[in-house]
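Observations on the model geometry
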Amino acid sequence: MNALTLPDIAAQASRQALPLDWVGMRGIALPILIDGQHLTATADAGVSLDDGTARGIHMSRLYLALEMLDQQPLTSALLRNVLQRFLDTHEGLSKNAYLRIHTQLLLKRPALVSPLAGWKTYPVSIEARLENQMFHVELKIDVTYSSTCPCSAALARQLIQQQFVDDFANTPLQHEAVLAWLGSADGIVATPHSQRSSAQLHVQLQGTDLPIVGLINAAEAALGTAVQTAVKRADEQAFALANGQNLMFCEDAARRLNLALKRSDAIKAFHLQVIHAESLHAHDAVAESRWTRDFA
Ligand SMILES: Nc1nc2c(ncn2[C@@H]2O[C@H](COP(=O)(O)OP(=O)(O)OP(=O)(O)O)[C@@H](O)[C@H]2O)c(=O)[nH]1
């Protein structure tokens, strides 16, 4: 063997002629560009190995194709080009190509009342595949919000009523006295429980849009109680009002999100899950909803 000739094991014939569904690399570090921001991401890149007699795929070719994602804004068209490069560099070996990108989107969110703002992260996964020449893109996005239990709120209100009856029994009602009572600890003898909650949105996209920020905004608007960033007392009071006006079981949250996602023309189908990390229980309350657009 010539000293300059490197052994190429991948080009050898496989001892067992067997096609494989997915072969590639997981957890490749990568900068990507979304919404004008350079974000740190990891990518899982792979192809099917349809030629069962080939020993292996060419990992370096997939790795190098990912360079296309460095500089250009992430779009559906760019994802498709990367997948096509995977296949072009594996001609005769692979029919299907796969790419998953995991990142944390950073969005600056204004306070509810005060002129402040702060940053919030949203875990996002983008999954693209070119299968039998059909291109598919899916998004997974986590949105965190607050949920106050409507049952607990009703029970608390009943206790407040009872306290009112006790404190004002046989007393002529006077506006000033009632107002003072409402502002005292006796006026709010019980409080409903609320919890930090999370919505996990998994959507299949149609068309050319990659509406990551739009979907997050739509989900937060539908819930009405997104967790906050910078908070002064005026913001906390507005948040208390938002929670009071948006009392939610996990079922309510799932239904609100279902209706909001259906309104997006970019979505072909979705599966959503909401998780209320209960403060009443040591376990979580969970609801799921699926939907597929009817093209009939
Ligand atoms: N197929 C395969 N390659 C692996 C694996 N683990 C590490 N590699 C290495 O990935 C490296 C890159 O493979 P190739 O893309 O075939 O490299 P190459 O032959 O120099 O590149 P080309 O000339 O484009 O084929 C090789 O050094 C492999 O040994 C594995 O499990 N499967």
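Since this is a predicted model, take the numbers as computed values, not measurements. (Residues numbered from 1 in each chain as written. Predicted model: local features only at pLDDT ≥ 70, side-chain atom pairs only at ≥ 80, totals over all residues. Heavy atoms only, no water.)

**Thoughts on the pairing of strand E6 (residues 194-205)**
Here eleven bridges tie strand E5 (residues 134-148) to E6, and the two strands are oriented antiparallel to one another. Counterpart to Ser146 in the pairing with E6 is Arg196. Inspection of the sheet shows E6 paired to strand E7 (residues 267-276) by nine bridges, in the antiparallel sense. By the bridge assignment for E7, Ala199 is matched with Val274. (Pairing = 2+ DSSP bridges. Helix = DSSP H or I, 4+ residues; strand = E, 2+ residues; numbered from the N terminus.)

**With respect to the domain arrangement of the chain**
The domains assigned to the chain are domain 1 (21-149 + 193-292) and domain 2 (150-188). Computed over C-alpha atoms, the centres of domain 1 and domain 2 are 45 Å apart. Contacts between domain 1 and domain 2 engage seven residues on the former and five residues on the latter. Counting across the domain 1 and domain 2 interface gives zero salt bridges. Scanning the region where domain 1 abuts domain 2 turns up four residue pairs in polar contact (both at pLDDT 80 or more). For the side of domain 1 that touches domain 2, the class distribution of residues is four nonpolar, two polar and one charged. (Domains from an automatic or database assignment. Contact = heavy atoms within 4.5 Å. Salt bridge = Lys/Arg side-chain N within 4 Å of Asp/Glu carboxyl O. Polar contact = N/O pair within 3.5 Å; in protein donor to acceptor, adjacent residues only side chain to side chain. Nonpolar A, V, L, I, M, F, W, Y, C, P; charged D, E, K, R; others polar.)

**Remarks on the site of the ligand**
Neighbouring the ligand are the residues Asp8, Gly56, Ile57, His58, Met59, Ser60 and Arg61. Within the backbone of Ile57, one N or O atom sits 3.0 Å away from a nitrogen atom of the ligand. A distance of 2.8 Å separates an oxygen atom of the ligand from a polar atom in the side chain of His58. Calculation on the ligand without its partners gives an accessible area of 650 Å², and the protein chains cover 41% of this total. (Near = heavy atom within 4 Å. Areas by Shrake-Rupley, 256 points an atom, 1.4 Å probe, with all protein chains shown as cover.)

**Side note on the nonpolar core**
Phe86 and Leu99 are the most contacted members of the largest nonpolar core, which totals 65 residues. Here Leu99 is in contact with Ala43, Asp44, Ala45, Leu66, Leu69, Leu79, Val82, Leu83, Phe86, Ile126, Glu127 and Ala128, once residues within four sequence places are set aside. (Core = buried A, V, L, I, M, F, W, Y, C linked by side-chain atoms within 4.5 Å. Buried < 20%, exposed > 50% of the residue type's maximum accessible area, 1.4 Å probe, protein only.)

**With respect to unusual backbone geometry**
Look at Asn132: it is not a glycine, yet its phi comes out positive at around 50 degrees. In this structure, Asn132 sits in the loop between strand E4 (117-131) and E5. Although it is not a glycine, Gln133 sits at a positive phi angle of roughly 70 degrees.

**Regarding the pairing of E5**
One ladder, built from eight bridges, connects E4 with E5; its direction is antiparallel. Opposite Ala128, over in E5, you have Val137 as the bridge partner. Count of turn residues in the E4/E5 antiparallel hairpin: two residues, of which Asn132 carries a positive phi of about 50 degrees.

**So, the environment of Ser289**
Here Ser289 lies in strand E8 (residues 285-292). Distance in space between the C-alpha atoms of Ser289 and Ala226 is 20 Å, their sequence separation being 63 residues. Engagement of the side chain of Ser289 in a polar contact is seen with the side chain of Asn258, the distance being 2.8 Å.

**Observations concerning the pattern of salt bridges**
Counted by the stated rule, this structure contains five salt bridges. With its nearest N and O atoms 3.0 Å apart, the salt bridge here joins Lys120 to Glu220. With Lys120 in strand E4 and Glu220 in helix H5 (residues 212-223), the pair connects residues that are 100 residues apart, well separated along the chain. Using a relative accessible area of 10% as the deciding quantity, one classes Lys120 as buried. Among the residues examined, Glu220 registers a relative accessible area of 12% and is labelled buried. Between Arg129 and Glu131 there is a salt bridge whose closest N-O contact spans 3.0 Å. Relative accessible area serves as the criterion here: at 19%, Arg129 is assigned to the buried category.

**Details of the UniProt feature "site: May be catalytically important" (unreviewed entry) in the chain**
As annotated in UniProt, the feature "site: May be catalytically important" (unreviewed entry) corresponds to Cys149 in the numbering used here. Looking at where Cys149 falls in the secondary structure, it is placed in the loop between E5 and helix H3 (150-167). Ignoring sequence-local partners within four residues, the contact set of Cys149 consists of Pro192, His193, Gln195, Met248 and Phe249. (UniProt positions renumbered as here; feature names shortened; annotations may be inferred.)

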